[in-house]
Amino acid sequence: MNRTLAIIKPDAVGSGKAGKVLAHLEGAGFTVRALKMTYLKAVEAGQFYAVHRERPFYQDLVAFMTSGPCIPMILEREDAVSHLRETIGATDPAEAAPGTVRALYAENKERNAIHASDSDENAELETGFFFSDQEVLGLQG
Ligand code: CMP
């Protein structure tokens, strides 16, 4: 068993699809280990997506991620990172496999319903970005 980080993004929360997305993730075998609703500040969204700083969509992405609440969560299952990437589908919903979260619920490449960590290393970093030591360490008890 290992863990990864997912974020239900402001488009899916705003259109009332958060429950459906969460049910889909649980149906795919993930256990929710921590979850919160939060509002990202621009500086936080910018930091979270710093790897994309030079990309043309960076400012829009930061504006989108701060446009409403999002729901980060820690998910657990075997091979969590790769299974979650498979479960959510390609970045662009037009290219996402049928039945994936993005094929079902995303609007477009930017407003794509959900984020998932792309490696175990980033899962650890991204988990620490949203959840305090107490919230994460509390999982051990
Ligand atoms: P995510 O998995 O959260 O990681 C980076 C995000 O940048 C991605 O999902 C999209 O929301 C966004 N993104 C990636 N490529 C593009 C693009 N070409 N145009 C707009 N947004 C993009």
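Located above this text is the structure these notes cover.
Residues numbered from 1 in each chain as written. Predicted model: local features only at pLDDT ≥ 70, side-chain atom pairs only at ≥ 80, totals over all residues. Heavy atoms only, no water.

1. Regarding helix H2 (residues 18-27)
Then, number 1: If you check which residues of H2 are buried, you get Ala18, Val21 and Leu25. The buried residues of H2 all sit within an arc of 65° when viewed along its axis, so they share a single face. Exposed residues pointing more than 90 degrees away from the buried face of H2 are listed as Lys20 and Gly27.
Then, number 2: Close packing links the buried residues of H2 with strand S1 (2-8), helix H1 (10-14), strand S3 (71-77), helix H5 (80-88), helix H6 (101-105) and strand S4 (114-116).
Then, number 3: Where H2 ends, the next residue or the one after it, Gly29, has phi of about 95°, a positive value. (Buried < 20%, exposed > 50% of the residue type's maximum accessible area, 1.4 Å probe, protein only. Helix = DSSP H or I, 4+ residues; strand = E, 2+ residues; numbered from the N terminus. Arc of directions from axis to C-beta. Contact = heavy atoms within 4.5 Å.)

2. Quick word on the packing of aromatic side chains
Then, number 1: One pass over the full model with this rule turns up four aromatic pairs.
Then, number 2: Here Phe48 and Phe129 contribute two aromatic rings whose centre-to-centre distance is 5.2 Å and whose plane-to-plane angle is 65°, an arrangement assigned as edge-to-face. Taken together, the residues span a long stretch of sequence, with Phe48 in helix H3 (residues 42-48) and Phe129 in helix H7 (residues 120-130) at a distance of 81 residues.
Then, number 3: For Phe129, a relative accessible area of 27% puts it in the partly exposed group. (Phe/Tyr/Trp six-rings, centres within 6.5 Å; stacked < 30°, edge-to-face > 60°.)

3. Comments concerning H5
Counting along an α-helix, one turn takes 3.6 residues, and residues three or four places apart therefore face a common direction.
Then, number 1: Of the residues making up H5, those classed as buried are Ala80, Val81, Leu84, Thr87 and Ile88. Seen end-on, H5 carries its buried residues on one side only, within an arc spanning 130°.
Then, number 2: Buried residues in H5 make contact with S1, H2, S3, H6, S4 and H7.

4. A few points about the sheet that holds S3
Then, number 1: Within the open sheet, the four strands sit side by side as S2-S3-S1-S4. Their pairing is antiparallel. The two strands at the open ends of the sheet, each matched to only one other strand, are strand S2 (31-35) and S4. Averaged over all adjacent pairs, the angle separating strand axes in this sheet is 30°, with direction ignored.
Then, number 2: One ladder, built from three bridges, connects S1 with S4; its direction is antiparallel. Counted as the bridge partner of Ile7 is His115 from S4. (Pairing = 2+ DSSP bridges. Axes fitted to C-alpha atoms, helices over the stretch in contact; angles between N-to-C directions.)

5. Some points on the nonpolar core
Then, number 1: Formed by 20 residues in total, the largest nonpolar core has its most connected members in Ile8, Leu25 and Leu84.
Then, number 2: Excluding residues that lie within four positions of it along the chain, Leu84 makes contacts with Thr4, Leu5, Ala6, Leu25, Phe30, Leu75 and Ala116.
Then, number 3: Counting 17 residues, the second-largest nonpolar core is a separate cluster that includes Tyr49, Tyr58, Phe130 and Phe131. (Core = buried A, V, L, I, M, F, W, Y, C linked by side-chain atoms within 4.5 Å.)

6. Description of the site of the ligand
Then, number 1: Around the ligand, the structure places Lys9, Tyr49, His52, Phe57, Leu61, Thr91, Arg102, Lys109, Glu110, Asn112 and His115.
Then, number 2: Take Arg102: an N or O atom from its side chain is 3.1 Å from an oxygen atom of the ligand.
Then, number 3: Between an oxygen atom of the ligand and a side-chain N or O atom of His115, the distance comes to 2.9 Å.
Then, number 4: Of the residues assigned to the shell around the ligand, the class counts are three nonpolar, four polar and four charged. (Near = heavy atom within 4 Å. Polar contact = N/O pair within 3.5 Å; in protein donor to acceptor, adjacent residues only side chain to side chain. Nonpolar A, V, L, I, M, F, W, Y, C, P; charged D, E, K, R; others polar.)

7. Remarks on the side chain of Arg77
Then, number 1: Within the secondary structure, Arg77 sits in strand S3.
Then, number 2: An unpaired buried charge is present at Arg77: no salt bridge exists, and Glu78, the closest side chain of opposite charge, is 5.3 Å distant.
Then, number 3: Aside from chain neighbours lying at most four places away, what touches Arg77 is Met1, Asn2, Ala28, Gly29, Phe30 and His83. (Lys, Arg positive; Asp, Glu negative; His and termini not counted. Salt bridge = Lys/Arg side-chain N within 4 Å of Asp/Glu carboxyl O.)

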